[in-house]
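Listed here are the chains, written in short residue letters.
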Amino acid sequence: MADPSTAPGPSGKLVIRNIGLLLSGDLQNPILDANTIIAENGRITFIGTHTNADPTGATCTVDAKGAALAPGLIDSHVHPVAGDWTPRQNQMGWIESSLHGGVTTMISAGEVHMPGRPKDIVGLKAAAIAAQRSFANLRPGGVKVLAGAPVIEHGMEEEDFRILAESGVTLLGEVGLGSVKDGATARKMVAWARKFGIQSTIHTGGPSIPGSGLIGKDIVLEADADVIGHINGGHTALPDRDITCLCEQCGRGLELVHNGNERAALHTLRVARDMNQLHRVILGTDSPAGSGVQPLGILRMIAMLSSLGGVPAEQAFCFATGNTARMRNLESGLIEPGRAADFVLLDRPQHSAGAHLLESVQLGDLPGIGMTIIDGLVRTGRSRNTPPAERVPEIIQSK
Ligand SMILES: [Zn+2]
């Protein structure tokens, strides 16, 4: 096992063979006809068959034992604060625990649970830059946490966004969680952020905690953030007709979260499918939340959308991998040469009614995880959180 908090810059050659099912993360072609992957220095260099692979010089060889391999899951909506501690439920280890749910990348929607969170402009910029640096330097369990997502407040000027961008900030926290709750101001600041390469997301629906407010469809449309954050509510959802309107009138990302309204998530899914725009669907947990931390939250969303929403399981995995990677310009999330070697190996859980992984997910069961890999380094073996997988990969050579 690698040092769990290893920073970027791995070296070595990883060979994974006997992959029983290769999920690509690409909605257009979700299953690849290959059984072997090679990664060198943390990047995918080969996807193909065992007979064509060149394992010479491997520093680690994994026998997948017929289990499936997918890109590491991406949680598009989390609220980290400091290291692997969350004050929301005063809990330690929530990020590392999510790794045991297959999550290898998390994206901050704002460090809004920070005790005494500064709301003055100098303070919020400093806090965002500090969070970005902190999570760039520390990866709990190895998980990549993209953090440093300031929440916009009245009084910010274009220059503030330029300074944030130049300082390494790439994300805005949820628009609407600060004092800016009107469409016109949100639109102006979202545009400034976009001008400097900062991606934005907006809180959608009723207030999440006392002190936050309703963000309705008209504000979401006017603000035009890059991602319609938790379009299924966080937790309180907009009426179905407003969700439909957002799907149809705004071409941005449709984010479905675990700590949201599940029925509204299924409604959004149906609308997106009817529009033939499933590529816009991405998944998050919005944890830590009032309901706690859900280390299996992304897997639960995949199983829920597949089993109740009627989406083939191999497509549902794309919502949490390739769709998010493309929308958020990540190096992981797709099984393609040159991409980061971030993987989750999984199989049907023992005693599932489903005969294989995809069928078990379509029946609503959660997969069993047997191994996680980030930047070509094995991070965990059999998950301590999922039901036990039928087949578990094994490291057969390591030096
Ligand atoms: Zn929210």
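Now for a description of the structure that goes with this document. (Residues numbered from 1 in each chain as written. Predicted model: local features only at pLDDT ≥ 70, side-chain atom pairs only at ≥ 80, totals over all residues. Heavy atoms only, no water.)

## Regarding the coordination of the zinc ion
Part 1: Protein-derived ligands of the zinc ion are Glu174 (OE), His203 (ND1) and His230 (NE2), with the metal-ligand distances lying across 1.9 to 2.2 Å.
Part 2: Read in sequence order, the donor residues coordinating the zinc ion give the pattern E-x28-H-x26-H. Taken together, the residues span a long stretch of sequence, with His203 in the loop between β13 (201-202) and α5 (217-223) and His230 in the loop between β14 (227-228) and α6 (240-249) at a distance of 27 residues. (Donors = N, O, S within 2.8 Å, 3.2 Å for Na, K, Ca; no water. Helix = DSSP H or I, 4+ residues; strand = E, 2+ residues; numbered from the N terminus.)

## A word on the packing of helix α7 (residues 262-274) against helix α8 (residues 297-309)
Part 1: Axis separation between α7 and α8 bottoms out at 10 Å; the angle between their running directions is 65°. As summarised for this structure, α7 and α8 are arranged roughly perpendicular, according to the angle between their axes. By crossing handedness, the relation of α7 to α8 is classed as right-handed. Contacts between α7 and α8 pair Glu262, Ala265, Leu266, Leu269 and Arg273 from the former with Met304, Leu305, Leu308 and Gly309 from the latter.
Part 2: In terms of residue class, the contact of α7 with α8 is built from six nonpolar, one polar and two charged. (Axes fitted to C-alpha atoms, helices over the stretch in contact; angles between N-to-C directions. Parallel < 35°, antiparallel > 145°, perpendicular 65-115°, else oblique. Left-handed = near helix turned anticlockwise from the far one by under 90°. Contact = heavy atoms within 4.5 Å. Nonpolar A, V, L, I, M, F, W, Y, C, P; charged D, E, K, R; others polar.)

## A closer look at the sheet that holds β14
Part 1: The strand order across the open sheet built from four strands is β13-β14-β15-β16, with neighbouring strands paired in parallel fashion. Either end of the sheet is taken by a strand with one partner, and the two such strands are β13 and β16 (281-284).
Part 2: Strand contacts of α8: β15 (253-257) and β16, with the helix running at about 140° to β16, the strand carrying the most contacts. (Pairing = 2+ DSSP bridges.)

## Thoughts on the pairing of strand β1 (residues 13-17)
Part 1: Within β1, four of the five residues are buried, which leaves the element mostly enclosed by the surrounding structure.
Part 2: Summarising the sheet, β1 and strand β6 (residues 60-63) pair through four bridges and their orientation is parallel. Its bridge partner being in β6, Val15 is matched across the sheet by Thr61. (Buried < 20%, exposed > 50% of the residue type's maximum accessible area, 1.4 Å probe, protein only.)

## Concerning the nonpolar core
Part 1: Judged by nonpolar contacts, the single largest core of 79 residues is most densely connected at Leu73, Leu283, Ile302, Leu305 and Phe319.
Part 2: Sorting elements by how many residues they give to this core places α8 first, with seven residues.
Part 3: Setting aside anything within four residues of it in sequence, one finds Leu283 in contact with Ile74, Asp75, Ser76, Leu256, Ile298, Met301, Ile302, Leu305, Ala316, Phe319, Ala320 and Thr324.
Part 4: Of all hydrophobic cores here, the second largest spans 19 residues; its members include Ile19, Ile44, Ile335 and Ala341. (Core = buried A, V, L, I, M, F, W, Y, C linked by side-chain atoms within 4.5 Å.)

Fair warning: the whole summary comes from geometry, so function is off the table for now.
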